[in-house]
Amino acid sequence: MANLSHPSEFILLGFSSLGELQTLLYGPFLVVYLLAFMGNAVIIVTVIANAHLHTPMYFFLGNFSLLEILVTVTAVPRMLSDLLAAHRVISFTGCMVQLYFYFSLGSTSFLILSDMALDRFVAICHPLRYSTLMSWAVCARLAGAAWAAPFLAMVPTVLSQAHLSYCHGNVINHFFCDNAPLLQLSCSDTSLLELWDFVMALAFVLSSFLVTLISYGYIVTTVLRIPSASGRRKAFSTCGSHLTLVFIGYGSTIFLYVRPGKAHSVELNKTVALVTSVLTPCLNPFILTLRNETFKAVLRGQVQRLKGLHKALPQPKRPGEAQSSSSARGTEYQPGGKATAKFL
């Protein structure tokens, strides 16, 4: 431990400032994590299984739910295990891998949100050209670019992080390998790396946010021109859940990461990161489905179908029921009241 310029492992402080109270967080965090996982998994399975949802809108929704699962899996299971562990260490390689996937997946989710906004823009503002402008080939290219670009752009970041000198110790005041606390441990010149991170934030977060805002500006203008109140209400209800996700996701991320420099409040960053990586993925399935009448109707149909299949299956009989049933098959009652054996 004398030479920490290239440490073999990092120590994650997590919520150690709470002392013994941090073990009480395990139960609530585990419940929220499982709800987030199952809720987003239900959306993915429903979209895949039902032909009525094989449209660009639900294609992007399935991609977004998959990203929510992967982002939480990247950080939350490790955090849950550390809440009960006395020695919270992560290898240097494991830390770099976690950093890479967390920020790559997070950036992809924002690009998918902008794809969802473009889809709603075309559907509402150019309905007659929707099938042409949002063909499956176009949707595949938009989703492919959203997945590929952040994973490629994060490679220089992680390689640069791996070659920094960490001479200020190996203790990370966070529950995962976040960028800001890692930079605070380095004594190397990180100005170029910070500039690259800021450029990536502009490219993936602010630019997609701008695309989303412009799209919804046109959407609102178009919807207000709809003569019927029911039509306006339906259009706004379709876009309302997506806008809620946009403001929650972009607001917290811009606060956390779209700021050059490394002199940030780590405790505040830790709290906001906890909300975005645990609480928001849990709420997103409810936000996405509660106001979506089509999805709710499909989900109710799936539940009814499962209930019908359950009733159609032969129910196991208890020992007493089996005996009485066999007795009924073995005898038949004559009009005179005497039971005679019925041999088959």
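Residues numbered from 1 in each chain as written. Predicted model: local features only at pLDDT ≥ 70, side-chain atom pairs only at ≥ 80, totals over all residues. Heavy atoms only, no water.

Asks: Can you help me understand the packing of helix H5 (residues 136–162) against helix H7 (residues 191–223) in this one?
Replies: Between two packed helices, the angle of one axis relative to the other and the distance separating the axes together describe the packing. Where H5 meets H7, the axes come as close as 10 Å, and the angle between the chain directions of the two elements is 165°. When the axes of H5 and H7 are compared, the pair comes out roughly antiparallel. Note on packing geometry: the crossing formed by H5 with H7 is left-handed. Touching Ala149, Pro150, Ala153, Met154, Pro156, Thr157, Ser160 and Gln161 of H5 are Leu193, Trp196, Asp197, Met200 and Phe204, all from H7. Tallied by class, residues from the contact of H5 with H7 come to nine nonpolar, three polar and one charged. (Axes fitted to C-alpha atoms, helices over the stretch in contact; angles between N-to-C directions. Helix = DSSP H or I, 4+ residues; strand = E, 2+ residues; numbered from the N terminus. Parallel < 35°, antiparallel > 145°, perpendicular 65-115°, else oblique. Left-handed = near helix turned anticlockwise from the far one by under 90°. Contact = heavy atoms within 4.5 Å. Nonpolar A, V, L, I, M, F, W, Y, C, P; charged D, E, K, R; others polar.)

Asks: Looking at this model, I keep getting lost on the nonpolar core. Mind explaining?
Replies: Most often, soluble globular proteins keep nonpolar side chains buried together rather than apart. Counting residues in hydrophobic clusters, the biggest one holds 79 residues, and the most contacted among them are Phe10, Met79, Cys95, Tyr166, Ile172, Leu182 and Ile219. Considering each element in turn, this core owes the most residues, 18 residues, to helix H3 (residues 92–125). Filtering out sequence-adjacent residues up to four positions away, Cys95 remains in contact with Phe10, Ile90, Ile172, Cys177 and Leu182. (Core = buried A, V, L, I, M, F, W, Y, C linked by side-chain atoms within 4.5 Å. Buried < 20%, exposed > 50% of the residue type's maximum accessible area, 1.4 Å probe, protein only.)

Asks: Would you mind going over the confidence of the model for the protein with me for this structure?
Replies: Note that predicted coordinates carrying low pLDDT should not be read in detail. Taken over all residues, the pLDDT of the protein has a mean of 82, while the share at 70 or more is 82%. Low confidence marks residues 322–344, where pLDDT is under 50. Its contacts with residues over four positions away, or in another chain, come to 13 contacts. (pLDDT = per-residue confidence, 0-100.)

Asks: How do you make sense of the sheet that holds strand S3 (residues 171–172) when you look at a structure like this?
Replies: Pairing between sheet strands relies on hydrogen bonds along the backbone, with the strands arranged either parallel or antiparallel. Strand order in the open sheet formed by three strands is S2-S1-S3, and the pairing between neighbours is mixed. The sheet terminates laterally at strand S2 (89–91) and S3, the two strands that pair on one side only. With three bridges connecting them, strand S1 (residues 9–12) and S2 associate as antiparallel partners. The residue bridging Ile11 from the neighbouring strand is Val89, located in S2. (Pairing = 2+ DSSP bridges.)

Asks: Even after reading the chapter, I still don't get the state of the cysteines, so can you show me in this structure?
Replies: Working definition of a disulfide: a covalent bond connecting the sulfur atoms of two cysteines. In total, this model carries two disulfides according to the counting rule given. Each sulfur of the disulfide joining Cys95 and Cys177 lies 2.0 Å from the other. Because the torsion about its S-S bond is -130°, the bridge between Cys95 and Cys177 counts as left-handed. Of this pair, Cys95 sits in helix H3 while Cys177 sits in the loop between S3 and helix H6 (179–185), and the two are 82 residues apart along the sequence. Under the relative-accessibility criterion, Cys95 is labelled buried at 0%. Residue class for Cys177 comes out buried when judged on its relative accessible area of 0%. (Disulfide = S-S within 2.5 Å.)

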